[in-house]
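These are the residues of each chain, in order.
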Amino acid sequence: MHFKKSLSFYKNLILIFLLIQIPVNLVAQEDKHLGGKDFNRFKELFTFHPNKKAVAEDSTLYASKFIVAPVISFSPETSLALGVGAKYLFKFRGSGDETRTSNMPISLRYTLNNQFILFSGFEIFTNQEKWVITGNLRFQNFPQLYYGIGHDTAKKNEEQYDFVQALFEPILLKQVVKHLYVGAGVRYNHIFNTEFVEGGLLDRERPLGYDGSTSAGAEFAILYDSRNNILNAKEGWFLEFTQGFYEKVLGGTHSFSLTRFDLRYFISLSEKNNGYGDILGFQFKGHFSNGDTPVSELASFGGDKILRGYRKGRFLENHLLATQVEYRKNFKGTRWGAVAFLGTGVVADEVNNFQLKNFRPNFGVGLRFMLDKEENLNLRADWGVGDEKSNVYLNLSEAF
């Protein structure tokens, strides 16, 4: 059994190595022989400029981009995923350097685990960032592993259950002072077409919403964002806080509340490292649910963003606290980089039941390759280790 797990791990590493070599070799060859010009021409094949004529007449306008390209990713939850992605980068007329670029991505992927995933996580800034529109759209068929509910569920409990999810969550925020926004939005999360093992653990325990659920409610939100870059920040703070209330009268199947926060801080170490652009990033996340919370809305431990090394949903509970620190090293004169990360997290049924002994550690290392210098967009390959096993991840952009 140990040999099979080791063999699977090395197969995953080889797969990631082969996948990362495709863009790496292409960019490296063009940078070495042609200064990257041919690679830029190659990128232009997938890039459209909706306001090209207007920019030619008015150079103060931002040259918006609509980029369409193949998408390759890998995680233990999805295995290898292939698809197409599109990203619309733009600024409203009248916006200058003081306004960050609005980002509207969308991706459609199909995985070797027979999953389809349609997703968009958008962030739109109006002129001078007076308003921000942020949110998520997701439609997916996502087989997931279930181990039970609690901080100490056994690995041997592992079983698969399938469901289809439709999520719609737009939030509109108004600038109060520079970088600080207050607003509200709605959230609709529909889980349906559930399938699970008859007589299995999920069937025996039957937690709320095990056979499907609908969460419908309003959210109050606070956002503080002073990051210099949305995709890969070198410095600044980011805080997103949402308080959601979900009721049956609004069309939901359960009445409950969700409190979530995501705090990040980035320090540029360039001056201390000869201008190599090294970065130290910190993140602290919380998820707290109260009331008749369906299983799909419980705090989920693990994934490719935080607590890397644990399968997403390895531990489920009402409440979660998690933190991580990541050192990002950029090698001078190249597109290459490397990271090292360390973190920990815990789940609990009640806030006063958070205990130090229940925190679970994770750590890992990763490689970075810069695909787009202008947008500071990296291809990342990470190896994360938890207290049970290790996992590998391949994706675009940073984990946080």
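Up top is the structure these notes are about.
Along each chain, numbering runs from 1 in the same order as the chain's sequence is written. The predicted origin of the model limits local features to residues at a pLDDT of at least 70 and limits the giving and counting of side-chain atom pairs to 80 or more, whereas totals for whole chains, interfaces and linings rest on all residues. Side-chain calculation: all heavy atoms of the structure are included, whereas hydrogens and water are not.

Re the packing of aromatic side chains
- Side-chain rings of Phe, Tyr and Trp (the six-membered ring for Trp) are treated as a pair once their centres are within 6.5 Å; stacked means planes under 30 degrees apart, edge-to-face means over 60, and tilted covers the remaining angles. If you walk through the whole model with that rule in mind, you get 16 aromatic pairs.
- Centre to centre, the rings of tyrosine 161 and phenylalanine 163 are 5.5 Å apart; their planes meet at 35 degrees, and the pair counts as tilted. A single burial state applies to tyrosine 161 and to phenylalanine 163, both of which are buried.
- Residues phenylalanine 301 and tyrosine 310 carry aromatic rings whose centres are separated by 5.0 Å and whose planes lie at 90 degrees to one another, so their mutual orientation is edge-to-face. Side by side, phenylalanine 301 and tyrosine 310 carry an identical accessibility label, which is buried.
- Feature note: the residues Phe66, Tyr88, Phe90 and Phe92 constitute an aromatic cluster, connected by ring pairs.
- Two conditions define a charge located above a ring, namely a distance within 6 Å from the ring centre to NZ of Lys or CZ of Arg, and an angle within 35 degrees of the ring normal. The residue whose ring lies beneath lysine 174 is tryptophan 131, and the NZ or CZ to ring-centre distance is 5.6 Å. Three exposure classes are used, based on accessible area relative to the maximum for each residue type with a 1.4 Å probe and protein chains only: buried under 20%, partly exposed in between, and exposed over 50%.

Quick word on the pairing of strand β4 (residues 102–111)
- Judged from the ten bridges that link them, strand β3 (residues 79–90) and β4 form a sheet pairing that is antiparallel. Among the inter-strand pairings, glycine 83 is bridged to a residue of β4, identified as arginine 109.
- Between any two strands, pairing holds if DSSP finds at least two bridges. Only DSSP runs of H or I covering at least 4 residues are called helices, and only runs of E covering at least 2 are called strands; the numbering of each starts at the N terminus. Where β4 meets strand β5 (residues 116–125), five bridges bridge the pair, whose relative direction is antiparallel. Along β5, the bridge assignment pairs arginine 109 with isoleucine 117.
- Hairpin remark: β4 followed by β5, antiparallel, with four residues in the connecting loop; positive phi at asparagine 114, about 60 degrees.

Observations regarding the nonpolar core
- Among the nonpolar cores identified, the biggest contains twelve residues, and these are Ile117, Phe142, Tyr146, Tyr161, Phe163, Ile191, Leu201, Leu202, Tyr210, Val295, Leu298 and Leu316.
- Where this core is concerned, the elements lending two or more residues are β8 (159–177) and α4 (201–205).
- Any pair of residues with heavy atoms lying within 4.5 Å of one another is described as a contacting pair. Those residues in contact with phenylalanine 163 that sit more than four places away from it in its chain are Gln140, Asn141, Phe142, Gln144, Ile191, Phe192, Asn193 and Thr194. As used in this record, nonpolar core signifies buried Ala, Val, Leu, Ile, Met, Phe, Trp, Tyr and Cys residues forming a set joined through side-chain atoms within 4.5 Å.

Here we look at a nonpolar patch on the surface
- Note that patches include only residues with greater than 30% relative accessible area and no salt bridge, and the join distances are 9 Å for like charges and 5 Å for nonpolar side chains (Val, Leu, Ile, Met, Phe, Trp, Tyr). The method behind every accessible area is Shrake-Rupley, applied with a 1.4 Å probe, and residues are considered shielded solely by the protein chains displayed. Just to be clear on terms, a salt bridge is a Lys or Arg side-chain nitrogen sitting within 4 Å of an Asp or Glu carboxyl oxygen. Together, Val84, Ile106, Leu108, Leu118 and Phe139 line one region of the surface with nonpolar side chains, adding up to about 390 Å² of accessible area.
- Of note, phenylalanine 139 is situated in strand β6 (residues 131–141).
- Residue classification places phenylalanine 139 among the partly exposed positions, given a relative accessible area of 34%.

Quick word on the environment of tyrosine 88
- Residue position: tyrosine 88 is located in strand β3.
- For tyrosine 88, a relative accessible area of 26% gives the class partly exposed.

Describing the environment of asparagine 358
- Among the secondary structure elements, asparagine 358 is positioned in the loop between β17 (336–348) and β18 (360–372).
- Distance in space between the C-alpha atoms of asparagine 358 and histidine 151 is 7.2 Å, their sequence separation being 207 residues.
- If near-sequence neighbours (up to four positions away) are discounted, asparagine 358 is found in contact with His151, Gly345, Val346 and Asn353.

Quick notes on the pattern of salt bridges
- Inspection of the entire model under this criterion finds 22 salt bridges.
- Here arginine 187 and glutamate 169 are joined by a salt bridge, their closest N and O atoms 3.7 Å apart. Linking arginine 187 in strand β9 (residues 180–195) with glutamate 169 in strand β8, this pair joins segments that are 18 residues apart in sequence.
- Given a relative accessible area of 8%, arginine 187 falls into the buried group.
- Taking the shortest distance from any N to any O, the salt bridge between aspartate 203 and arginine 206 comes out at 2.9 Å.
- Residue classification places aspartate 203 among the buried residues on the basis of a relative accessible area of 14%.
- Each of the salt bridges in this network shares a partner with another, and the network as a whole consists of Asp304, Arg308, Glu326, Arg328, Arg368, Arg380, Asp382 and Glu398.

Here's the deal with the side chain of lysine 87
- Among the secondary structure elements, lysine 87 is positioned in strand β3.
- Non-local contacts of lysine 87, meaning those with residues more than four positions away in its chain, are made with Lys65, Phe66, Ile67, Asn103, Met104, Pro105, Leu231 and Leu377.

A few points about the environment of methionine 370
- Mapped onto the elements of the fold, methionine 370 is located in strand β18.
- Relative accessible area serves as the criterion here: at 16%, methionine 370 is assigned to the buried category.
- Each C-alpha atom of the pair methionine 370 and tryptophan 336 lies 6.6 Å from the other, and the pair is 34 residues apart in sequence.
- Contact partners of methionine 370, with chain neighbours within four places excluded, come to Arg335, Asn376, Leu377 and Asn378.

Observations regarding the pairing of strand β10 (residues 213–225)
- Bridging between β9 and β10 involves twelve bridges; their strand directions are antiparallel. Bridge pairing in β10 links glycine 183 to alanine 221.
- As defined by bridge partners, β10 adjoins strand β11 (residues 236–246) across nine bridges and the pair is classed as antiparallel. By the bridge assignment, alanine 221 is partnered in β11 with threonine 242.

Brief notes about the side chain of threonine 111
- Considering the arrangement of structural elements, one finds threonine 111 in strand β4.
- Looking at threonine 111, its side chain comes within polar contact range of the side chain of glutamine 115, at 2.6 Å.
- Sequence-distant contacts of threonine 111, that is, excluding residues within four places in its chain, are made with Thr78, Leu80, Ala81 and Ile117. Residues adjacent in sequence count toward polar contacts only when both atoms are side-chain atoms; beyond that, a polar contact is any pair of N or O atoms within 3.5 Å, and within protein one must be able to donate a hydrogen and the other to accept it.

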